Every structure is written in structure tokens, then in C-alpha cells.
Amino acid sequence: MPRVRCACSGPGVHALGQVCSVPQHRQIAFALWQAQALRSLRAVPAAPPGPGRGGPSRRPGMLSSGGRAGAGPGASGARGRCHTGGGSRRCGPMGSRAAGGGQPPDDGVSEAVGETSRRLTREQLFTIIAAASINFSSMICYSILGPFFPSEAEKKGASNTIVGLIFGCFALFNFLTSLILGNYLSEIGAKFMFVAGMFVSGCVTILFGMLDRVPSGPMFISFCFLVRAMDAISFAAAITASFSILAKAFPTNIATVLGSLEIFSGLGLVLGPPLGGFLYQSFGYEVPFITLGCVVLALVPVNMCILPKYDSTPRKESFWKLILLPKVLILCLIIFSLSGCLGFMDPTMSLFILKKFKLPAGYVGLVFLGLAVSYSVSSPLLGLLSDKLPYIRKWLLIFGNLITAVCLFMLGPAPVLHIESQLWMFVLVLVLIGFSLGMSAIPVFPEILQCAYENGFEEGLSLLGLVSGLFNAMWSLGAFVGPILGGFLNEELGFEWAAAIQGGWPLLSGIATGIFYIIEATRKSSSSSLQNPPGDNEERTRLMDNET
């Protein structure tokens, strides 16, 4: 196999198709390998197709000794970005472009692979259908309670505080179980966890519709907490498995897929309250839950048939090693702050709209559409942008958080601004919040994956389970804290000041993200200048000429 000598000082000798284990040598090794590959392409004439083609006429970088595409260092083949550590070579699914490298393809093979990957395979299409079904069903079952459950619970002897805790326990149990289930995803199996979670959720949703037959008082309240907790656990299992399967099926464009699927999440949130209210008024308390539960159960055998089964490997990754990475901590803060801001609006915004704008109760849901529609429409576009131009993810994260903070400051608006609140301005701010939430939320998942690969984590369902479990857990924690803190601030200070104070979370996360990326860029610049002093340019040029 041809060998290329590293231009750095030190014994860096690299075999073609491998990356040096010394970090300082990787960049130059790739440049030398790419130059040699281009020279070989110019030197070898095109061979006619047929069984006789092979041997010396095969283009470098096309196949490695294992028969996989894109074997050269930094090659942007189908398997993505390669990392080294501990003497072993590991490839992550983010790809050279998704990792922010931006290297051009070494030859036409990578372009052909990229062209083929744009066309969905049968497995990918079925995976999207299954994930869309769980996104839609989970959100519609979550939001259906809003219009009528509080009044029914009051008839059964539950106070407003107890009703709020019943709503909040969903997010709390979702947070706790997401971490555990994500940690053991590879042992349980992604497909089994997905299908089992969906089956239990359908049964529990039907069971929730039977609670009106339970005697009033402590027994009713206890059963509400129990059933709601079981619902949270089941959906945590299905959503965690769904994220992992999507990341496995779409390794190079996960942000685009997640953004597109947010359309179904938004659709579930939008349709849940009006559908639940209509079924409740027309048929009573039981019918909304029984109807949705049966729909979820009907989707279980469908997903059992169409959802691909991915091989599981034993768990090797450490949860604490992942979450203690500085970049991952910053990204977790972003998830928590965004979810907390959304959760703050649930118990407070409808009351403010009714009191401030004197709108009929039926029109309050239409005001909420401004946020839901803008988020659902912008998410696929922002996901596509995040995958095509991965280097702008940091700017999406920073400015998305800062815009969210400014919008929450203007939502009331804050009394310090002395601006009279008007309905058109309120709806406009909600539209901007929906867009800014998409800017911040969509790039987080691929950023955590990229950070994990850069720090030596191995590709596989084990890591994907950790990342998806962490993402869902942080989102659920924000959904639990946001309504509690928002309700307290709204009661003590009013909605205007409560919204402004709640905007401090995305402001803090935006500033922290900006500071982190500035420090990271400074370190990379200093490291690059130390690795590539000006005097080494002549030596690198001379060594490359000698290879010719």
C-alpha cells in the first residue's frame, strides 16, 4: 500500500486510507493524501467498464481493503466522519460536511454517494412514517386534556394546585425515565422499546377515560397521578427510541428529518384541544380518550410491520462522560431554557389573552396558532439549512436564543418599556417566538452527536440512545419547571413581568453559547498556529514535490 510521509516534525508515517493517531499530523496527512490521489487520477486513463477493469486502474479512495466507500482520511463517504483515539479508527455518522469540515470530495465517488443518499430508501420512508405517527399521537394525547379535564377534576374534589401537579407529573416522569431508557436502549432494543411504548400508551390513554368512574377524593387523585405517570413513561420510551432510530437511519441529515417531523408535533398540539373539546361536548368525558387510545393501538401493528430493526450492540458509552462535556452542558441549558419558555405559556397566556384583549374563549386557541404554525413551518427549513451548512449551527443557536429572549421581553410587553399591549403585536411576537425556537432547538441534536464523536464516542445505538434520552430528559425538565415557575411569577408579578423574567433563561443560554464558541475558536486558532508555523510551508511544499 502506498505510504505518505507527514510534513510535521516527528515520526508521522501514514498508510493510505488511515489517519494518524497524533492529532497534529491529521490535517497535513489529509492534504498530502488528497494531492497524491489527484495526481493518480490525472496519471491513470479512464478504463472501459467491464469485468476486466481492476487492479492498478482502480481509482484511489473508491474502496478500502474492507470494501467500504470513501476510505481515505477525511473522505466524505456514506459512513461519515472518521475519528481516532486509543489506537483505533472509528467513524461517526455526521459526515465531513455535518461535522463542519467542509472539505471537498476527493473524487466523483463521494458525489455519487451523496446523490444516491438524497433518494429515500424503503426503510427510511417507513422510519419517517413510524416517527411521524408517534410525534403526532404523543402531542395530541398530551394536549387533549386542556379544554375539559380541569373542570372535571374539580368536580371530583381536586384543587387547582392538584390539577397543575397532575399536568406537571407527566414532564417529571418523562424526565426521569428518558435518562434511564436512553442508557439501556441497546440492551432493550430500539424497535421493541418503540412498539412497547406505543402499546402501553394506547392502553393508558383509554384507561384515563375511565377515571370518571373512580370515586371522588383522594382515590381519584391517586389514580390520576398513577395513570398520568404511566403515560409519561410509555411515551418517553417511544420518543427516545424514535430519535435513536431516526439518527441511525439518517446519519448525515438528521436535523432536516427532525425539523420535518416537527410538523406532525405541531399538528398534534394544534388539533388536540379543539378535537378534545368537540368530542367532550358531543359525547362526554370518556369518548375523547377511548377514541385516541384506539387510534394509537391501531398504529402498533402497523409500526411492528414497517419499522426496520437495527442491530443492537452492548452498551459501552458512559452517560456521565457525555453530559459532563462542556459543550454538551451548554446545549442541555439551551434545551432546558427553550422548553421552560414554552411550558411557562401553558398556564398563563390564555388567562392573559382573555383578560387583556377580552376575546371569547373559542378564539384563544387561534392566537396560539401563531406560535405553533410558525414553528412547524420553519423547522423543516431550518433543519435543511443546519445540515447543508453545518458551520452556521452555532449562529442559529446563539441568535435563536437571543431573539427568543427579546420576544419574551416584548410579549407583555415588559412594563419598563411603557408600550401598550395590542393583539396584532402579541400575535406577531408569538410568530417570531415560534421561528426563534426552531432556530435554537433544531441544531441541538446534531451538535450533541458531533461533540460526542469528536470526544471519542463510538457510533451505534448505544450512543444514539444516550443522546436521545438526554435530549428528551432536558426538554421534559424544562416542561416541568417552566409552568411551576411561570405560574408563581404570574401570580406574584403579573404576566408582563413574568414573561420578561422568563426570557432570562434563553438570554443566559445564548450568552453562554456565544462565550463557549468564542473560546473554542480561540483555542483552535492558537493550536493551528502552533502546529503550522510559517517556516514549515517550504518543507511541506518540498516533500509534496518529492512525492511526485
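Residues numbered from 1 in each chain as written. Predicted model: local features only at pLDDT ≥ 70, side-chain atom pairs only at ≥ 80, totals over all residues. Heavy atoms only, no water.

Another point: the overall build of the protein. Along the backbone of the protein there are 21 helices and four strands. Across the 548 residues that make up the protein, the buried fraction comes to 49%. Look at the contacts in the protein between residues 6 or more apart in sequence, and 78% of them connect residues 24 or more apart. Accessible area of the protein: about 25100 Å², with a carbon and sulfur share of 67%. (Helix = DSSP H or I, 4+ residues; strand = E, 2+ residues; numbered from the N terminus. Buried < 20%, exposed > 50% of the residue type's maximum accessible area, 1.4 Å probe, protein only. Contact = heavy atoms within 4.5 Å. Areas by Shrake-Rupley, 256 points an atom, 1.4 Å probe, with all protein chains shown as cover.)

With that settled, consider the packing of helix α4 (residues 122-143) against helix α11 (residues 286-306). Two numbers describe how α4 lies on α11: the axes approach to 10 Å, and their chain directions differ by 165°. It follows that α4 is roughly antiparallel to α11 by the angle criterion. The crossing of α4 and α11 is left-handed. Of the residues in α11, those in contact with Phe126, Ile129, Ala130, Ser133, Ser137, Ile140 and Cys141 of α4 are Leu292, Val296, Leu299, Asn303 and Ile306. Classifying every residue of the contact of α4 with α11 gives nine nonpolar, three polar and no charged. (Axes fitted to C-alpha atoms, helices over the stretch in contact; angles between N-to-C directions. Parallel < 35°, antiparallel > 145°, perpendicular 65-115°, else oblique. Left-handed = near helix turned anticlockwise from the far one by under 90°. Nonpolar A, V, L, I, M, F, W, Y, C, P; charged D, E, K, R; others polar.)

Bringing the side chain of serine 244 into the picture now. Mapped onto the secondary structure, serine 244 falls in helix α9 (residues 218-249). If we skip the residues at most four places from it in the chain, serine 244 touches Leu185, Leu461, Leu464, Gly465 and Ser468.

Time to look at the pattern of salt bridges. Under the definition given, this model contains six salt bridges. As a salt-bridge pair, lysine 356 and glutamate 420 come within 3.6 Å of each other at their nearest N and O atoms. Taken together, the residues lysine 356 in helix α13 (residues 326-357) and glutamate 420 in the loop between α15 (393-411) and α16 (423-441) connect sequence positions 64 residues apart. Among the residues examined, lysine 356 registers a relative accessible area of 33% and is labelled partly exposed. Judged by relative accessible area, which is 55%, glutamate 420 ranks as exposed. What emerges from the salt-bridge pattern is a single network uniting Lys327, Asp387, Arg393 and Glu447. (Salt bridge = Lys/Arg side-chain N within 4 Å of Asp/Glu carboxyl O.)

Here the focus is the packing of α13 against α16. The interhelical angle for the contact between α13 and α16, taken along N-to-C directions, is 165°, at an axis separation of 12 Å. With respect to their mutual orientation, α13 and α16 come out roughly antiparallel. The crossing of α13 and α16 is left-handed. Judged by residue contacts, Ile334, Leu338, Leu342, Met345, Met349, Phe352, Ile353 and Phe357 of α13 engage Leu423, Phe426, Leu430, Ile433, Leu437, Ser440 and Ala441 from α16. Of the residues assigned to the contact of α13 with α16, the class counts are 14 nonpolar, one polar and no charged.

It is worth spelling out the side chain of serine 201 at this point. Its location among the elements puts serine 201 in helix α8 (residues 190-208). Residues contacting serine 201, with those up to four places away along its chain left out, are Asp231, Ser234 and Phe235.

This paragraph deals with the confidence of the model for the protein. For the protein, per-residue confidence averages 76 on the pLDDT scale, and residues scoring 70 or more make up 73% of the total. Every residue in residues 1-19 is under pLDDT 50, and counting partners more than four places away or in other chains gives 49 contacts. Low pLDDT (under 50) marks residues 44-117, which in the prediction has 115 contacts with non-local residues, meaning those over four places away or in another chain. (pLDDT = per-residue confidence, 0-100.)

Enumeration over the complete set of coordinates arrives at 14 aromatic pairs. Ring plane angle 75° and centroid distance 6.1 Å describe the contact between phenylalanine 445 and phenylalanine 471, whose orientation is recorded as edge-to-face. Here phenylalanine 445, found in helix α17 (residues 444-454), pairs with phenylalanine 471, found in helix α18 (residues 461-493); they are 26 residues apart in sequence, far enough to count as distant. Residue classification places phenylalanine 445 among the buried residues on the basis of a relative accessible area of 1%. A relative accessible area of 11% places phenylalanine 471 in the buried class. For the ring pair phenylalanine 471 and tryptophan 475, a centre distance of 6.5 Å and an interplane angle of 10° mean the geometry is stacked. With a gap of four residues between them, phenylalanine 471 and tryptophan 475 both fall in helix α18, about one helical turn apart. Through a chain of ring-to-ring contacts, three or more aromatic side chains come together here, namely Phe344, Phe352, Phe357, Phe426 and Phe495. Lying across the ring of phenylalanine 457, lysine 321 places its NZ or CZ 4.8 Å from the centre. (Phe/Tyr/Trp six-rings, centres within 6.5 Å; stacked < 30°, edge-to-face > 60°. Lys NZ or Arg CZ within 6 Å of the ring centre and 35° of its normal.)

Further remarks concern a nonpolar patch on the surface. Residues Val416, Leu417, Ile419, Leu493, Trp497 and Ile501 make up a contiguous nonpolar surface patch of about 490 Å² in total accessible area. Note that tryptophan 497 resides in helix α19 (residues 495-502). (Patch = residues over 30% accessible without salt bridge, like charges linked within 9 Å, V, L, I, M, F, W, Y side chains within 5 Å.)

This next bit is on unusual backbone geometry. That bond from glycine 412 to proline 413 is cis: its omega, -10°, falls within 30 degrees of zero. Positioned with a positive phi, histidine 418 is a non-glycine residue whose angle comes to about 55°. Along the polypeptide, histidine 418 turns up in the loop between α15 and α16.

Where a protein is soluble and globular, its nonpolar side chains tend to be buried together. Counting 115 residues, the largest nonpolar core has Phe149, Leu322, Leu411, Phe426, Ile433 and Phe445 as its most contacted members. Per-element accounting of this core gives the leading share, 16 residues, to α9. What phenylalanine 149 contacts, discounting residues up to four positions off in sequence, is Ile166, Phe167, Phe208, Phe220, Cys224 and Tyr285. (Core = buried A, V, L, I, M, F, W, Y, C linked by side-chain atoms within 4.5 Å.)

Looking now at α13. Between its first and last C-alpha, α13 extends 44 Å over 32 residues, near the 46 Å set by a 1.5 Å rise per residue. At aspartate 346, α13 is deflected by roughly 50°, the largest bend along its length, and proline proline 347 occurs up to four residues later in sequence. At the exit of α13 stands lysine 358, carrying a positive phi of roughly 55°. (Expected span 1.5 Å × (residues − 1). Bend = angle between axes of the 7 residues up to and from the residue.)

Compared with an ideal rise of 1.5 Å per residue, which puts 19 residues at 27 Å, α15 spans 26 Å between its outermost C-alpha atoms and is within 8% of the ideal. Burial in α15 covers these residues: Arg393, Leu396, Leu397, Ile398, Gly400, Asn401, Thr404, Ala405, Cys407, Leu408 and Leu411.

Mapped onto the elements of the fold, valine 416 is located in the loop between α15 and α16. As for valine 416 and glutamate 496, which are separated by 80 residues in sequence, their C-alpha atoms are 9.7 Å apart. Setting aside anything within four residues of it in sequence, one finds valine 416 in contact with Phe409 and Trp497.

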